[in-house]
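Structural overview for review
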Amino acid sequence: MPVKPLSASTLKNLMERIDNAAQGEIRSLTPLSPTSIEIRFSVQDIARGYDWIDVMFRIEGVNDAKLVSDNVLRGLDMSEGITVELTANSAALAIGSYSGRCDEAPFYILGTSIGYEELPFSG
């Protein structure tokens, strides 16, 4: 299944389904190019009876990011889940609850668009 672009309505539905990835796990962070980054999370899917799935987000047009090394990545606190915001010409993903201020998070990616793909659980 290819990466699907997120719109405001699909983003809201996805984030509700995965409870903002609260208590999820970061599986991987993959820079695809200087302006494209993928990040993969294992999350519980409410629509599937809380079964675990993986959700991969791809941020395109990356213009700012605060990333961490792989050994720190898995230790990031996921108790608050993630914040994903989308406007007509920007997209943001941050670890934690940072609505309206993603660039203040300890980990964030800012770009021009964001898409996602549902994948099998990588447990």
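We now turn to the structure provided with this report. Computed from a predicted structure; not experimentally measured. (Residues numbered from 1 in each chain as written. Predicted model: local features only at pLDDT ≥ 70, side-chain atom pairs only at ≥ 80, totals over all residues. Heavy atoms only, no water.)

1. Focus: the environment of V84
The criterion, for reference: Helix and strand assignments follow DSSP, with helices taken as H or I runs no shorter than four residues and strands as E runs no shorter than two, numbered in order from the N terminus.
Residue position: V84 is located in strand β6 (residues 82–86). Separated by 59 residues in sequence, V84 and E25 have C-alpha atoms that sit 16 Å apart.

2. Remarks on the pairing of β6
Note the following rule: For two strands to pair, DSSP has to find at least two bridges joining them.
Examined bridge by bridge, β6 and strand β7 (residues 91–95) share five bridges and lie antiparallel to one another. Among the inter-strand pairings, T83 is bridged to a residue of β7, identified as A94. Turn length for the β6-β7 hairpin, with the two strands adjacent in sequence and antiparallel, is four residues.

3. Focus: the pattern of salt bridges
A side chain of one charge can pair with a side chain of the opposite charge if their charged atoms are brought near each other. This is how it is decided: Salt bridge, as used here, is a side-chain nitrogen of Lys or Arg placed within 4 Å of a carboxyl oxygen of Asp or Glu. When accessible area is computed with a 1.4 Å probe and restricted to protein chains, residues below 20% of their type maximum are described as buried, those above 50% as exposed, and intermediate ones as partly exposed.
For the coordinates displayed, the defined rule picks out nine salt bridges. Two residues, E118 and R17, come together in a salt bridge whose shortest N-O distance is 2.9 Å. Here the residue E118 occupies a position in strand β9 (residues 113–119), and R17 occupies one in helix α1 (residues 8–17), the gap between them amounting to 101 residues. Measuring nitrogen to oxygen at the nearest pair gives 3.6 Å for the salt bridge that ties R48 to D45. You can call R48 partly exposed: its relative accessible area is 43%. Here D45 falls in the buried class, since its relative accessible area comes to 0%. Linked through salt bridges whose partners overlap, the residues forming this network are R17, D45, R48 and E118.

4. Some points on unusual backbone geometry
Look at D19: it is not a glycine, yet its phi comes out positive at around 50°. Following the sequence through the fold, D19 ends up in the loop between α1 and β2 (25–33). Phi angles above zero are rare outside glycine, and Y50 is one such case at about 65°. Looking at the secondary structure, you find Y50 in the loop between β3 (36–45) and β4 (51–60). Under the relative-accessibility criterion, Y50 is labelled partly exposed at 49%.

5. Overview of the environment of F107
To keep things clear, this is the line we draw: Here, residues are in contact when the closest pair of their heavy atoms is within 4.5 Å.
With respect to the helices and strands, F107 occurs in the loop between β7 and β8 (108–111). Residue classification places F107 among the buried positions, given a relative accessible area of 0%. Linking F107 and A94, residues 13 residues apart in sequence, is a C-alpha distance of 5.7 Å. Every residue in contact with F107, bar those within four places of it in the chain, is listed here: L29, I39, K66, L67, V68, L73, L76, L93, A94 and I95.

6. Considerations on the nonpolar core
Definition in use: Working definition of a nonpolar core: buried Ala, Val, Leu, Ile, Met, Phe, Trp, Tyr and Cys residues. They are joined through side-chain atoms within 4.5 Å.
Counting residues in hydrophobic clusters, the biggest one holds 29 residues, and the most contacted among them are I39, F41, F57, I82, L93 and F107. Elements supplying a minimum of two residues to this core: α1, β2, β3, β4, β6, β7 and β9. In contact with L93, other than residues within four places in its own chain, are I39, F41, F57, I59, T83, V84, F107, Y108, I109 and I114. Grouped together as the second largest cluster of nonpolar side chains are seven residues, A92, Y98, A105 and Y108 included.

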